[in-house]
Each structure stands twice: as structure tokens, then as C-alpha cells.
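Each chain is listed here by its residues.
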Amino acid sequence: MESWPIGVFASVDAGLGVAWDVIEQLGVPTIQLHAPHGDKRTQQTAQTLRSQLDAMGVQCTAVFGGFDGESYADIPTVVRTVGLVPPETRESRLAEMMQISDFAHWLGCDTVALHLGFIPHDPTDPDYAPIVDVTRRLCDHCQSHGQFLHLETGQETADGLLEFIAQVDRENLKINFDPANMILYGTGEPIEALQSVAEHVRSIHCKDGTWSDHPGDTWGAEVPLGEGDVNIRKYLETLKEIGYTGPLTIEREIPQDPERQKAEISHAIQLLTQLRSEIL
């Protein structure tokens, strides 16, 4: 596959990502897939989807986990509800992520990804070690399928993420770098962060956003690609500098307005196609 194939975040049934029929309309060669609901994570469903993707000439490059009960309503709610961090749902969600890893394996995909949640900043925090442990267990399950596990950026600073990866100490633990999330969560300048974590970046999102008035306390705003504070040209130039050759996966989450979502993604495809030809 050529460097920087353009992709889109897609979904079979789960609301996040463009609907299945839109993939073909957009004409992209790659997708990241939001994992379907539990009753659809069967070998039969995976084989059906795989056949459909083959027929469209589309490669699934990552399967993203997500869980019932997660909410991105505001930053405190994310802290409380997202990923494998909340202790009361940790074991059930680990089991679900292992199931998603199995599903990705049947789909022929070597990458599983998720928002892990808000890891404590201090490695000596008593809540830190159990999160390291659960991440190791998930990495080891993924490794049994020859898969990588990608952590999506946003909730940690670049330094915090590097420390966590070092603590987990698994070769197959990598990063899905989302520059807008650094801005939305107020955790750091995305270009600097990308340069810091470069050696671990194995997949990326192309998404844009604007800073909040109170970074880290309240949300920034997600905006169409090229209209925010990321500086998409500089982002792609930095990806080239660090030697990244994987997909440029567009993520634009406005499921309540699918027509606008499709239009903005189409515009993002045009923008990335033009920038890619200039930069590469």
C-alpha cells in the first residue's frame, strides 16, 4: 500500500464513525472500525464484513473498542466513565476488549485500539499499578493474535503517555495519535507532543479542534479539518519527519447530522489529498 492512504473512522451499528454504506461513497482505501455491539462480534459477522470490505477494495487498519456507560459529556464525566480506568467496570471491559481482539483477528486486522481513560499523573498513585496490570493483560491477549494495541492520545500529556508505556513494558503497545484531542483535553501542543512520542506512533487521526478558555477543565471544540488550531499542514510535515507512512484516518464525530458529517469528511479528503501531494 502507498504511503499515507486516506481513511475514515467507520461503524457498522454503533453511532460513532460514518455509516457502512458511506465508506464506498467516500471512495477511501482504508477504514478504522468502531467495534460492533456484543451480539455482532461473531466470527460469522467478521467474515461477512471482511468480504464486503474486500469487494469495496477497503482495508480495515484498526478496530476500536468502546463501552456502554462511557460518556464524553464533559471532562469530569470522561474521568469517571471512560475506558479501563474506572475500577468497577474494569474486569468486564477487559473481557470485552479481549472479545474485540478476537473479532479483529477474524476480520484479518492486526490492530486493536481504545481510549484507556484518565491514567493518574503520578506513577506512585495506588490506582496506577492496576491500570498498568490490566493493560499488560490486554496486550498479552492481543499478542496471542499477533496484534498491536494502540492507545488513543488526549487524556495524558506526552510525557505521561511515555511513562505509562515504559511501565507497561510490552512491545506491542503503541499509540494512535489524535492531534485534536491534545487540544480538546488541554493536555499539550499537538505538534510538540507528536515529536515526543514519535517512536511509538503506529496510527493517527486527522481531526481538528480549538482550545478551550480553560484548557484541561472544559472542552475545546471539534471543528472541520483545517479550521482549528492543529495546523494540519504542519502536522503532516511532522508525520513525514518522524517517518510515519500509515493511513491518514479522518475522524469527524457529528452522528446527529450524517449529511453534514459526510460533506465535511469529503472536504477533509480533498484537503488531505492536496497536502499529501505537496508534502510527499
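Residues numbered from 1 in each chain as written. Predicted model: local features only at pLDDT ≥ 70, side-chain atom pairs only at ≥ 80, totals over all residues. Heavy atoms only, no water.

Under an unreviewed UniProt entry, the name given to the protein is Xylose isomerase-like TIM barrel, and the source organism is Stieleria varia.

Can you walk me through the state of the cysteines in this structure?
Such a bond, covalent and formed between the sulfur atoms of two cysteines, is termed a disulfide. In total, this model carries 0 disulfides according to the counting rule given. Left without a disulfide partner, C139 is nearest to the cysteine sulfur of C142, which lies 6.5 Å away. Of the residues examined, C139 reaches a relative accessible area of 0% and is grouped as buried. Just so you know, C206 is unpaired, no disulfide at all, and the nearest cysteine sulfur is the one on C60, 17 Å from it. Exposure remark for C206: the relative accessible area of 1% places this residue in the buried category. (Disulfide = S-S within 2.5 Å. Buried < 20%, exposed > 50% of the residue type's maximum accessible area, 1.4 Å probe, protein only.)

I'm lost on unusual backbone geometry in this one. Help?
In terms of backbone geometry, most residues other than glycine have negative phi values and most peptide bonds are trans. Here the phi dihedral of W4 falls at roughly 55°; this positive angle occurs in a residue that is not glycine. Tracing the backbone through its elements, the reader meets W4 in the segment before β1 (6–11). Positive phi, close to 60°, is recorded for D169, a residue that is not glycine. The topology assignment puts D169 in the loop between α6 (158–168) and β6 (173–177). (Helix = DSSP H or I, 4+ residues; strand = E, 2+ residues; numbered from the N terminus.)

Can you help me understand the packing of aromatic side chains in this one?
Remark: the centre distance and the inter-plane angle together describe each pair of aromatic rings, the angle taken between the planes. Counted according to the given criterion, the structure contains 5 aromatic pairs. One aromatic cluster is present, built from ring pairs that chain together F118, Y185 and W219. The cationic tip of R202 hangs over the ring face of F148; the distance from NZ or CZ to the ring centre is 3.7 Å. (Phe/Tyr/Trp six-rings, centres within 6.5 Å; stacked < 30°, edge-to-face > 60°. Lys NZ or Arg CZ within 6 Å of the ring centre and 35° of its normal.)

So what exactly am I meant to see when it comes to the packing of helix α4 (residues 90–107) against helix α5 (residues 128–144) here?
Each pair of packed helices can be summarised by the angle the axes make with each other and by the distance between the axes. Packing of α4 against α5 brings their axes to within 9 Å, and their N-to-C directions diverge by 20°. Considered as vectors, α4 and α5 are oriented roughly parallel to each other. Where α4 crosses over α5, the handedness of that crossing is right-handed. Residue-level inspection shows R90, E91, L94, M97, M98, S101 and D102 of α4 in contact with α5, the latter providing P130, I131, V134, R137, L138, H141 and C142. Split into classes, the residues belonging to the contact of α4 with α5 amount to 8 nonpolar, 2 polar and 4 charged. (Axes fitted to C-alpha atoms, helices over the stretch in contact; angles between N-to-C directions. Parallel < 35°, antiparallel > 145°, perpendicular 65-115°, else oblique. Left-handed = near helix turned anticlockwise from the far one by under 90°. Contact = heavy atoms within 4.5 Å. Nonpolar A, V, L, I, M, F, W, Y, C, P; charged D, E, K, R; others polar.)

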